[in-house]
Amino acid sequence: RAYALSEIADAPDGRAVVLEALRDPASAMRASALDLLRSRSAPDVDAPVAVILEDALEWPHVTARAIEVAEARCSDALGPALVRVIERGARSEASPGHLETAQLALRVALRMGGSTAAAARAAAEGPALPAFEVLLSHAQPPCGGRAAPEATTSPAATHAGVPSAL
């Protein structure tokens, strides 16, 4: 089915079929649909991608693909959903899959800059902070055509006021 989806993606009705595949019960189909959307410009993609990012029960490999779409789109509309991925991964009871996708989401959110980056930094503060320190202590290149974000040092990445050597 994933191969068939890729074959009809560029057909006149293919776009609707790809968007419908984002709600398929099979995680492989949702992941395939996200792969197809990553390389296509589509104004109505943000809402269904945000639904996937916000779903705490979604498989980590599907969430990771949705994060890749968010990075490719560099859309501020996806910022709040990326922050929710980070919040799930920052909890002390977070599964390894949630932690890994939270790290991916943090990298993308920091690249977006602005209020998305600020909310992402705040969400990363918590029990899982050590897993995020390297990302927080290094400036990320901006996504899309955005200006470079301000370089800031996380308070957790300093010791006695001296930046960490991470």
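Quick caveat, the model's predicted, so the values are computed rather than measured.

Q: For this particular structure, what's the right way to read the state of the cysteines?
A: Linking two cysteines covalently via their sulfur atoms produces the bond known as a disulfide. Applying the stated criterion across every chain, the model contains 1 disulfide. One disulfide bridge connects C74 with C143, the sulfur atoms lying 1.8 Å from each other. The disulfide joining C74 to C143 has a torsion of about 55 degrees about its S-S bond and is therefore right-handed. Of this pair, C74 sits in the loop between α5 (60-73) and α6 (79-90) while C143 sits in the loop between α9 (129-137) and β1 (158-159); the two residues are 69 residues apart in sequence, bridging distant segments of the chain. For C74, a relative accessible area of 9% corresponds to the buried category.

Q: What's the story with the nonpolar core in this structure? I'm lost.
A: Generally speaking, a soluble globular protein has its nonpolar side chains buried in company with each other. L34, V49, L53, L82, I86, L106 and F132 are the most contacted members of the largest nonpolar core, which has 47 residues in total. For this core, the secondary-structure elements that each account for two or more residues are α2 (14-21), α3 (27-38), α4 (46-54), α5, α6, α7 (96-112), α8 (114-124) and α9. With 7 residues, α7 is the single largest residue contributor to this core.

Q: What is the right way to look at α8 in this model?
A: In an α-helix, one full turn covers 3.6 residues, which means residues spaced three or four apart are oriented alike. Within the span of α8, buried status applies to T116, A117, A120, A123 and A124. Buried residues of α8 fall within an arc of 125 degrees about the axis and therefore sit on the same side. What points out from α8, more than 90 degrees from its buried face, is the exposed set G114, S115 and A122. Looking at the buried residues of α8, the elements they touch are α6, α7 and α9. Remark: G126 follows α8 within two positions and exhibits a positive phi of approximately 155 degrees.

Q: Looking at this model, I keep getting lost on the packing of α4 against α5. Mind explaining?
A: Geometrically, a packed helix pair is captured by the angle between its two axes and the distance between the axes. Running from N to C, α4 and α5 point in directions that differ by 140 degrees, and their axes come no closer than 9 Å. Comparing the axis directions of α4 and α5 gives the class oblique. Two packed elements cross with a definite hand, and for α4 against α5 that hand is left-handed. On α5, the residues touching D46, V49, I52 and L53 of α4 are V62, T63, A66, I67, V69 and R73. Residue classes in the contact of α4 with α5 are distributed as 7 nonpolar, 1 polar and 2 charged.

Q: How do you make sense of the environment of R15 when you look at a structure like this?
A: On the secondary structure map, R15 appears in helix α2. Through-space distance from the C-alpha of R15 to that of L37 is 9.0 Å; in sequence the pair is 22 residues apart.

Q: Sorry, what's going on with the pattern of salt bridges here?
A: A side chain of one charge can pair with a side chain of the opposite charge if their charged atoms are brought near each other. Under the defined criterion, the tally for this structure stands at 7 salt bridges. The partner of R30 in a salt bridge is E58, with the nearest N and O atoms 2.5 Å apart. Of this pair, R30 sits in helix α3 while E58 sits in the loop between α4 and α5, and the two are 28 residues apart along the sequence. The class of R30 is buried, set by a relative accessible area of 9%. Across the salt bridge formed by R73 and D46, the nearest N and O atoms sit 2.7 Å from each other. Placement of the pair is R73 in helix α5 and D46 in helix α4, with a sequence separation of 27 residues. You can call D46 buried: its relative accessible area is 13%. One connected set of salt bridges, linked through shared partners, spans E71, R107 and R111.

What counts, and at which threshold
- Residues numbered from 1 in each chain as written.
- Predicted model: local features only at pLDDT ≥ 70, side-chain atom pairs only at ≥ 80, totals over all residues.
- Heavy atoms only, no water.
- Disulfide = S-S within 2.5 Å.
- Helix = DSSP H or I, 4+ residues; strand = E, 2+ residues; numbered from the N terminus.
- Buried < 20%, exposed > 50% of the residue type's maximum accessible area, 1.4 Å probe, protein only.
- Core = buried A, V, L, I, M, F, W, Y, C linked by side-chain atoms within 4.5 Å.
- Arc of directions from axis to C-beta.
- Contact = heavy atoms within 4.5 Å.
- Axes fitted to C-alpha atoms, helices over the stretch in contact; angles between N-to-C directions.
- Parallel < 35°, antiparallel > 145°, perpendicular 65-115°, else oblique.
- Left-handed = near helix turned anticlockwise from the far one by under 90°.
- Nonpolar A, V, L, I, M, F, W, Y, C, P; charged D, E, K, R; others polar.
- Salt bridge = Lys/Arg side-chain N within 4 Å of Asp/Glu carboxyl O.

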